[in-house]
Amino acid sequence: LDAVGQARKRRLHQCQSARAKHFHHIRLQVRLDQGARRALDHLLAVVEHQQAVAQAIHNQAITLLGQRAWAFNSGKVLHLELSAQLRGTQGEIFRATQFLPIASALGLLPTLDRCVIDAALRSMSEQNHLPERVSLNIALQSMLDTDFRQHLMQLLDAHRASAKRL
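As the structure is a prediction and not an experimental result, all values here were calculated from the model. (Residues numbered from 1 in each chain as written. Predicted model: local features only at pLDDT ≥ 70, side-chain atom pairs only at ≥ 80, totals over all residues. Heavy atoms only, no water.)

Visitor: Please explain the overall build of the protein as it appears in this structure.
Guide: A tally of regular secondary structure across the protein gives seven helices and four strands. Along its sequence from the N terminus, the protein presents helices and strands in the succession α-α-β-β-β-α-α-β-α-α-α. Counting only residues that meet the buried cut, the protein has 25% of its 166 residues in that class. Of the roughly 11,900 Å² of accessible surface on the protein, a fraction of 55% belongs to carbon and sulfur atoms. (Helix = DSSP H or I, 4+ residues; strand = E, 2+ residues; numbered from the N terminus. Buried < 20%, exposed > 50% of the residue type's maximum accessible area, 1.4 Å probe, protein only. Areas by Shrake-Rupley, 256 points an atom, 1.4 Å probe, with all protein chains shown as cover.)

Visitor: How should I be thinking about the environment of Leu144 in this particular structure?
Guide: Within the secondary structure layout, Leu144 lies in the loop between α5 (140-143) and α6 (146-158). Residues Leu144 and Pro110 lie 34 residues apart in sequence; the distance between their C-alpha atoms is 9.1 Å.

Visitor: Honestly, the nonpolar core in this entry has me stumped. Any pointers?
Guide: One broad rule of soluble globular proteins: the nonpolar side chains tend to lie buried together. If you look at the biggest cluster of nonpolar residues, it comprises 29 residues, and the most contacted ones within it are Val53, Ile57, Ile62, Leu86, Phe99, Leu112 and Ile117. Sorting elements by how many residues they give to this core places helix α4 (residues 109-126) first, with eight residues. Every residue in contact with Ile57, bar those within four places of it in the chain, is listed here: Leu86, Ala103, Leu108, Thr111, Leu112 and Cys115. (Core = buried A, V, L, I, M, F, W, Y, C linked by side-chain atoms within 4.5 Å. Contact = heavy atoms within 4.5 Å.)

Visitor: Before we go on, may I ask you to explain the pattern of salt bridges in this structure?
Guide: Side-chain pairing between opposite charges can occur once the charged atoms of the two side chains come close. Under the counting rule described, the total for this entry stands at three salt bridges. A salt bridge links Arg122 to Asp118; the shortest N-O distance between them is 3.3 Å. Of the two residues, Arg122 and Asp118 both sit in helix α4, four residues apart, roughly one turn of that helix. Judged by relative accessible area, Arg122 falls into the partly exposed class, the value being 36%. A salt bridge links Arg160 to Asp157, with the shortest nitrogen-to-oxygen separation between them at 2.3 Å. Taking the relative accessible area as the measure of exposure, Arg160 reaches 54% and is therefore exposed. (Salt bridge = Lys/Arg side-chain N within 4 Å of Asp/Glu carboxyl O.)

Visitor: What's the story with a nonpolar patch on the surface in this structure? I'm lost.
Guide: A cluster of nonpolar residues, Leu40, Leu43, Leu44 and Val47, forms a patch on the protein surface that exposes about 320 Å² of accessible area. With respect to the helices, strands and loops of the structure, Leu43 is situated in helix α2 (residues 34-58). (Patch = residues over 30% accessible without salt bridge, like charges linked within 9 Å, V, L, I, M, F, W, Y side chains within 5 Å.)

Visitor: I'm lost on the environment of Gln51 in this one. Help?
Guide: Tracing the backbone shows Gln51 in helix α2. The class of Gln51 is exposed, set by a relative accessible area of 52%. Sequence spacing of Gln51 and Gly88 is 37 residues, and the spatial spacing of their C-alpha atoms is 9.7 Å.

Visitor: Got a minute to help me understand helix α3 (residues 96-105) in this structure?
Guide: Residues separated by three or four positions in an α-helix point in the same direction, a consequence of the helix having 3.6 residues per turn. For α3, the full list of buried residues reads Phe99, Ile102 and Ala103. Each buried residue of α3 lies within a common arc of 100° when the element is viewed along its axis, so the set occupies one face. Among the exposed residues of α3, those oriented more than 90 degrees off its buried face are Thr97, Pro101 and Ala105. Buried residues belonging to α3 abut α2, β2 (77-87), β3 (93-94) and α4. The first or second residue beyond α3 is Gly107, which carries a positive phi of 70°. (Arc of directions from axis to C-beta.)

Visitor: Quick question: what am I supposed to make of the pairing of strand β1 (residues 62-70) here?
Guide: The two faces of a sheet get side chains in turn, since along a regular strand they alternate between them. As judged from the nine bridges shared by β1 and β2, these two strands associate in the antiparallel manner. Paired with Leu64 across the bridge in β2 is Ala84. Taking the residues that link successive antiparallel strands as the turn, the β1-β2 hairpin has six residues, and the phi of Gly75 there is positive, at about 75°. (Pairing = 2+ DSSP bridges.)

Visitor: What exactly am I supposed to notice about the pairing of β2 here?
Guide: Here β2 pairs with strand β4 (residues 134-136) via three bridges, running parallel. Each residue of the ladder has a partner; that of Leu82, found in β4, is Leu136. Where β2 meets β3, two bridges bridge the pair, whose relative direction is antiparallel. Paired with Leu86 across the strands is Phe94, a residue of β3. Taking the residues that link successive antiparallel strands as the turn, the β2-β3 hairpin has five residues, and the phi of Gly91 there is positive, at about 90°.

Structure representation (structure tokens):
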């Protein structure tokens with residue numbers, strides 16, 4: 001029985017040594033392959049960026065920006081078009097060109113559009129100086145989402161005065 005125990009102990013030690021040598025070899029290869037290291041660093045940066053955008057959407061860290069649309073001939077303001085920026089937890093600003101592809105890939109456009117519409121309706125009810133007509137873009141992914149459409153109807157019903165201007 002003692003000899004069997006000793007044999008098992010030697011075999012376990014051999015396996016652990018072989019495993020340690022194998023992992024050491026792999027670590028050495030990764031350190032030597034700079035192309036793989038750059039690719040891994042890039043992948044990690046992309047994942048961190050995606051997480052930051054998803055967190056900003058989840059936190060509803062949205063800033064609305066408005067651009068007036070003028071009639072070229074008369075100079076009259078036709079409407080105010082709203083767009084959004086996201087603020088990350090580190091204070092970074094994500095422009096639409098940065099966060100829309102990520103939100104689309106992660107299936108977060110309906111959530112984002114809900115937040116933007118809600119913020120727009122609240123701002124319109126609080127700020128009387130805004131033009132009579134306000135517009136914003138809604139993603140097709142959102143319009144195809146049944147839950148989004150139901151939520152949109154609830155929002156519009158809750159903010160009827162502002163909804164007439166949107």
